[in-house]
Amino acid sequence: MSQARKIVILPGDGIGPEIIAQATKVLLAANDQFNLGLATQSCAFGGSAYDETGNPLPDSTLAACRDADAILAGAIGGPQYDAAPRELRPERGLLRLRAELKLFANLRPALLYPELADASSLKPELVAGLNLMILRELTGGIYFGQPRGIEQRDGERVGFNTMVYNESEIRRIALRAFEISRQRDSRLCSVDKANVLEVSELWREIVEDVAKDYPDVELTHMYVDNAAMQLVRAPKQFDVIVTSNLFGDVLSDAAAMLTGSIGMLPSASLDESGKGLYEPIHGSAPDIAGQGIANPLATILSVSMMLRYTLHEAKAADAIEQAVSAVLATGHRCRDIATGVANEQLVNTQEMGEAVLVALAAGASA
Ligand code: NAD
């Protein structure tokens, strides 16, 4: 028998362990149903790891993550860690993990199930069925560029940062964007500010060059200010958006909020080989932790992204997404996505997980 593929699970803090428990059940069910050959291992991470070991990213956790094929994380953080030394705060553990594993490509889908269209701040007809993917460069650009700092110049303080990309950084994120576009609707929009910034001029030139190898993908370019406008005017025009670290940070949050449901959105951060860290976009939600009411669907959908983008198990990924769709169609709602429609059935974290398991099994026997 071939060696099992290793999945490291990082429950984390707050609602992290609650949502991870449900997502793990779904992962294990898919493992059985589709014969995926996965072996899971849970490791300490975040504030709970800091409490146990004095380090939010213990060496043993980092080693397990390095050795893993993919990582599934819940969420980390909480007000009790605000007083911890900056370098030992839970968020630092996450940033370090991303940096150590060189996870340069951040995938943030904004998808809105038709059943949840009323949860958006936009008119339902503008967003119902929205399914766009934002690919953000995560380890370069102005967040890391040198020089940076605050210094005294001519009698006053000056703050400065540097937006910088080299060709290889642009090429690798562009390559990833074209590959992802191919797995979707083959429409890619590269967002930049090439009318003002030289770094964007180079970005556009390299994206054009990579496009030559993907004649089947329709490439367009858009300035970031227009992209922000188009996202709230007519978001369904987009399939995949690729952009730099800063622009992606802003646009992906705006796109996520179009869907109005933070408890529904998964994310992935990938390295050059396609290995990835998968996690919901939300945090540890200390305000509802321990109550068993958190929505586990963002984490369950993170499992399906993991199956699709790292493990190349599209059938299993589709089956999980269809199970989530079915559960929403039958009216199951956690509190954060309840909209008051007639057939709604308010469920807790565990009941939502169980409903997805039932729908997954029903899909298999259909
Ligand atoms: P948050 O995302 O944790 O919560 C924002 C709001 O959304 C809260 O009202 C919360 O109850 C709700 N919410 C979030 N996830 C939900 C879910 N699955 N189901 C139902 N409701 C949900 O953001 P915050 O309150 O700003 O941050 C709380 C902590 O999380 C902080 O310590 C922050 O640093 C950390 N954080 C961690 C990550 C991560 O682990 N990647 C990301 C963001 C924030």
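Located above this text is the structure these notes cover.
Cut-offs and rules
- Residues numbered from 1 in each chain as written.
- Predicted model: local features only at pLDDT ≥ 70, side-chain atom pairs only at ≥ 80, totals over all residues.
- Heavy atoms only, no water.
- Helix = DSSP H or I, 4+ residues; strand = E, 2+ residues; numbered from the N terminus.
- Expected span 1.5 Å × (residues − 1).
- Buried < 20%, exposed > 50% of the residue type's maximum accessible area, 1.4 Å probe, protein only.
- Salt bridge = Lys/Arg side-chain N within 4 Å of Asp/Glu carboxyl O.
- Axes fitted to C-alpha atoms, helices over the stretch in contact; angles between N-to-C directions.
- Parallel < 35°, antiparallel > 145°, perpendicular 65-115°, else oblique.
- Contact = heavy atoms within 4.5 Å.
- Nonpolar A, V, L, I, M, F, W, Y, C, P; charged D, E, K, R; others polar.

Caption draft 1: Geometry of helix H1 (residues 16–33). The first and last C-alpha atoms of H1 sit 25 Å apart over 18 residues, in line with the 26 Å expected at 1.5 Å per residue. Of all the positions in H1, only Gly16, Glu18, Ile19, Ile20, Gln22, Ala23, Thr24, Val26, Leu27, Ala30 and Asn31 are classed as buried. Phi for asparagine 35, located one or two positions after H1, is positive at around 55°.

Caption draft 2: Quick peek at the pattern of salt bridges. Within this structure, the stated rule accounts for 21 salt bridges. Among the ionic pairs, arginine 92 bridges to glutamate 87, the shortest N-O distance being 2.8 Å. Judged by relative accessible area, which is 55%, glutamate 87 ranks as exposed. A salt bridge links glutamate 321 to arginine 308; its shortest N-O distance comes to 3.1 Å. Of the two residues, glutamate 321 sits in helix H11 (residues 314–329) while arginine 308 sits in helix H10 (residues 297–309), which places them 13 residues apart along the sequence. Among the charged side chains, a network of salt bridges with common partners joins Arg66, Arg96 and Glu100.

Caption draft 3: Quick look at the packing of helix H8 (residues 224–233) against helix H9 (residues 245–258). For the pair H8 and H9, interaxial distance at closest approach is 10 Å and the crossing angle is 5°. By the angle between their axes, H8 is roughly parallel relative to H9. Every residue of H9 that contacts H8 at Val224, Ala227, Ala228, Leu231 and Val232 is listed here: Phe247, Leu251, Ala255 and Leu258. For the contact of H8 with H9, the residue count by class is nine nonpolar, no polar and no charged.

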